[in-house]
Amino acid sequence: MSEPTKIMLIAAEASGDALGAGLAKSLKERVGTDLTLVGVGGPRMAAEGIKSPFDIAELSILGWIDGIKAYGRVKKRIDETVAFVLRERPQAIVLIDSWGFTIRVAKAVRKVAPEITLIKYVGPQVWASRPKRAKVLASAVDHLLALYTIDAPWFEREGLPTTVVGSSALHIDMSGADGDAFRAKRGIAADAPLLLVLPGSRPSEIERMTSVYEETVKRVKSQIPGLQVAVIAAGTVADDVAGRVAAWPFRAHLVQEDEKYAAMKAANLALATSGTVSSEIGMAGTPMVIAYRIDNLSYALMKRLVTAKYITMLNIAADREVAPEFIQHDATPENLTKAVVERLANPDLAGAQAKAQLEALEALGGGGPHPSDIAADAVLKVLADRKV
């Protein structure tokens, strides 16, 4: 009789929680009742039966300064996670995204339980900055599940076996997302301009960006009086977003995670904090304006390290600014208002941008098996090879 398989998935923020949930579902489909899944994650992984020992919302940290401020809290959670690993003793651990947290967990587990197979899901973007991280990761884990083909050579050169699984954002099934129904449910006329605001999924993003978006929307509404506004509240920060949006001096429709694709299809334009969500908006066929802020010291340090011209993946793929980006000191209500109004007032400009966004995303790779399925097959193969 074969030994039951126990796999631990560790995610520390909303995007990782989504990847973990997809991987969990695919693993269960392949292994069935002989599989035990445990881990650290958020609400989406919980829906797949993975109960986290603590709330991961506090681990969503952005920038060096925020990281320093949160060091004690994060260190405690790292220690708790390693203790959790030693209690559960999985055969493999999949460490999902969140470089700062997961690399420390990987190194700690390697010291105390070297027999456990360690797999990293989403590598650091070493082609954009800090290439030495490729060597660090190669020494800490056994296998990498990368999102893009441009990732693989950097890690394989350091001797880390890599499987390119693709980005889940490029394989979203939006066939059930009904923008017309979304509007009808909220009493938004079919011809009313609708701006969708996506403030982010990390507490620090919500803190920095929400007030900027509030002022931006206020200015846009003064120029486009009939404007309707909807705000997506990511699961890990939903209460925080809801509280802040409730205080806005104008009406905004609050959108939960399960309706976000319908909202993206319903919107004429999205105003979004940079992240994985930009690819999802692009796949929905909605033009967007991107903004991003971190603390000033972290930004000054990052500017010296980052070599990529853009931060949005579809812009990187196109090697041009398809979707306008406003970073740090440029992410002002004045600049954002101008970009938003230009696109809401000019459907031809917005339509051309939406088309270019889709073309850039197609260049990154779509079609074929879903990334979660490829990732699940790779995890099981790594485990099988290690057993042999």
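To be clear, the structure that these remarks concern was listed above.
Presented here is a report on the structure given in the accompanying data block. (Residues numbered from 1 in each chain as written. Predicted model: local features only at pLDDT ≥ 70, side-chain atom pairs only at ≥ 80, totals over all residues. Heavy atoms only, no water.)

**Structural notes on the sheet that holds strand β7 (residues 194-198)**
Strand pairing in a sheet takes place through backbone hydrogen bonds and is either antiparallel or parallel in direction.
Part 1 of the reasoning: Ordered in space as β9-β8-β7-β10-β11-β12, the 6 strands form an open sheet in which the pairing is parallel. At either margin of the open sheet sits one strand with a lone partner, and together these are β9 (253-255) and β12 (325-327). The average angle at which neighbouring strand axes cross in this sheet is 20°, direction not considered.
Part 2 of the reasoning: Pairing geometry for strand β8 (residues 228-232) and β9, over 3 bridges, is parallel. Directly across from Ile232, in β9, lies its bridge partner Val255.
Part 3 of the reasoning: Each of β7, β8, β10 (269-273) and β11 (288-292) is contacted by helix α9 (residues 203-223), which is oriented at about 150° to β10, the strand it contacts most. (Pairing = 2+ DSSP bridges. Helix = DSSP H or I, 4+ residues; strand = E, 2+ residues; numbered from the N terminus. Axes fitted to C-alpha atoms, helices over the stretch in contact; angles between N-to-C directions. Contact = heavy atoms within 4.5 Å.)

**Examining the packing of helix α15 (residues 333-345) against helix α16 (residues 347-364)**
Part 1 of the reasoning: Contact geometry for α15 and α16: axes closest at 5 Å, N-to-C directions at 100°. With respect to α16, the axis of α15 lies roughly perpendicular. Of the residues in α16, those touching α15 at Glu342, Arg343 and Ala345 are Pro347, Leu349, Ala350 and Gln353.
Part 2 of the reasoning: Residue classes in the contact of α15 with α16 are distributed as 4 nonpolar, 1 polar and 2 charged. (Parallel < 35°, antiparallel > 145°, perpendicular 65-115°, else oblique. Nonpolar A, V, L, I, M, F, W, Y, C, P; charged D, E, K, R; others polar.)

**Focus on the nonpolar core**
Part 1 of the reasoning: Core analysis: the biggest nonpolar cluster contains 63 residues, and Ile7, Leu9, Val94, Tyr121, Leu196 and Leu198 have the highest contact counts within it.
Part 2 of the reasoning: Ranked by residue count, the leading element in this core is helix α17 (residues 371-387), at 6 residues.
Part 3 of the reasoning: Not counting the four nearest positions on each side in its chain, Leu9 is found in contact with Gly20, Leu23, Ala24, Val38, Gly39, Val40, Met45, Ile50, Val94 and Ile96.
Part 4 of the reasoning: Counting residues in hydrophobic clusters, the runner-up holds 34 residues, among them Met8, Ala106, Phe155 and Leu160. (Core = buried A, V, L, I, M, F, W, Y, C linked by side-chain atoms within 4.5 Å. Buried < 20%, exposed > 50% of the residue type's maximum accessible area, 1.4 Å probe, protein only.)

**Looking at the sheet that holds strand β6 (residues 162-164)**
Part 1 of the reasoning: Sheet architecture is open: 6 strands sit in the order β2-β1-β3-β4-β5-β6, paired in parallel fashion. Unpaired on one side and paired on the other, β2 (35-40) and β6 mark the two borders of the sheet. When strand polarity is set aside, the average angle formed by the axes of neighbouring strands in this sheet is 20°.
Part 2 of the reasoning: Examined bridge by bridge, strand β1 (residues 5-11) and strand β3 (residues 92-96) share 5 bridges and lie parallel to one another. Across the sheet, Ile7 pairs through a bridge with Ala92, a residue of β3.
Part 3 of the reasoning: Against the sheet, α17 engages β1, β3, β4 (117-121), β5 (143-146) and β6, with an angle of about 160° to β4.

**Things to note about unusual backbone geometry**
For residues other than glycine, phi is negative in most cases, and the peptide bonds are mostly trans.
Part 1 of the reasoning: Residues other than glycine seldom take positive phi values, yet Ser98 does so here, at roughly 45°.
Part 2 of the reasoning: For Ser98, the location among the structural elements is in the loop between β3 and α5 (99-112).
Part 3 of the reasoning: The class of Ser98 is buried, set by a relative accessible area of 12%.
Part 4 of the reasoning: The backbone phi angle of Asp319 is positive, close to 55°, even though this residue is not glycine.
Part 5 of the reasoning: Within the secondary structure, Asp319 is located in the loop between α14 (313-318) and β12.

**Some details on helix α4 (residues 71-88)**
Part 1 of the reasoning: When the terminal C-alpha atoms of α4 are compared, their 25 Å separation across 18 residues agrees well with the 26 Å that a helix rising 1.5 Å per residue should span.
Part 2 of the reasoning: Within α4, the full set of buried residues consists of Val74, Arg77, Ile78, Thr81, Val82, Phe84 and Val85. All buried residues of α4 project into a common sector of 155° when viewed along the axis, lining one side. Along α4, exposed side chains directed more than 90 degrees from the buried face belong to Gly72, Lys76 and Arg87. (Expected span 1.5 Å × (residues − 1). Arc of directions from axis to C-beta.)

**Some words on the environment of Ala262**
Part 1 of the reasoning: Among the secondary structure elements, Ala262 is positioned in helix α11 (residues 260-266).
Part 2 of the reasoning: Residues Ala262 and Ala284, spaced 22 residues apart in sequence, show a C-alpha to C-alpha distance of 8.7 Å.
Part 3 of the reasoning: When neighbours within four sequence positions are excluded, Ala262 is seen to be in contact with Ala177, Asp178, Gly179 and Phe182.

**What to know about the pattern of salt bridges**
Part 1 of the reasoning: Under the counting rule described, the total for this entry stands at 26 salt bridges.
Part 2 of the reasoning: Here Asp79 ties to Lys75 by a salt bridge, and the two come within 3.0 Å at their closest N and O atoms. Separated by 4 residues within a single helix, Asp79 and Lys75 lie in helix α4, roughly one turn from each other.
Part 3 of the reasoning: Several salt bridges converge on common partners, so that one network encompasses Lys25, Glu29, Arg30, Asp373 and Asp377. (Salt bridge = Lys/Arg side-chain N within 4 Å of Asp/Glu carboxyl O.)

**Structural notes on α17**
Part 1 of the reasoning: For α17, spanning 17 residues, the distance from its first C-alpha to its last is 24 Å, which sits close to the expected 24 Å at 1.5 Å a residue.
Part 2 of the reasoning: All buried positions along α17 are accounted for by Pro371, Ser372, Ala375, Ala376, Ala378, Val379, Val382 and Leu383. Down the axis, α17 shows its buried residues gathered within 165° of arc, on one side only. The outward face of α17, more than 90 degrees from its buried face, is lined by the exposed residues Lys381 and Lys387.
Part 3 of the reasoning: Looking at the buried residues of α17, the elements they touch are β1, α1 (14-31), β3, β4, β5 and β6.

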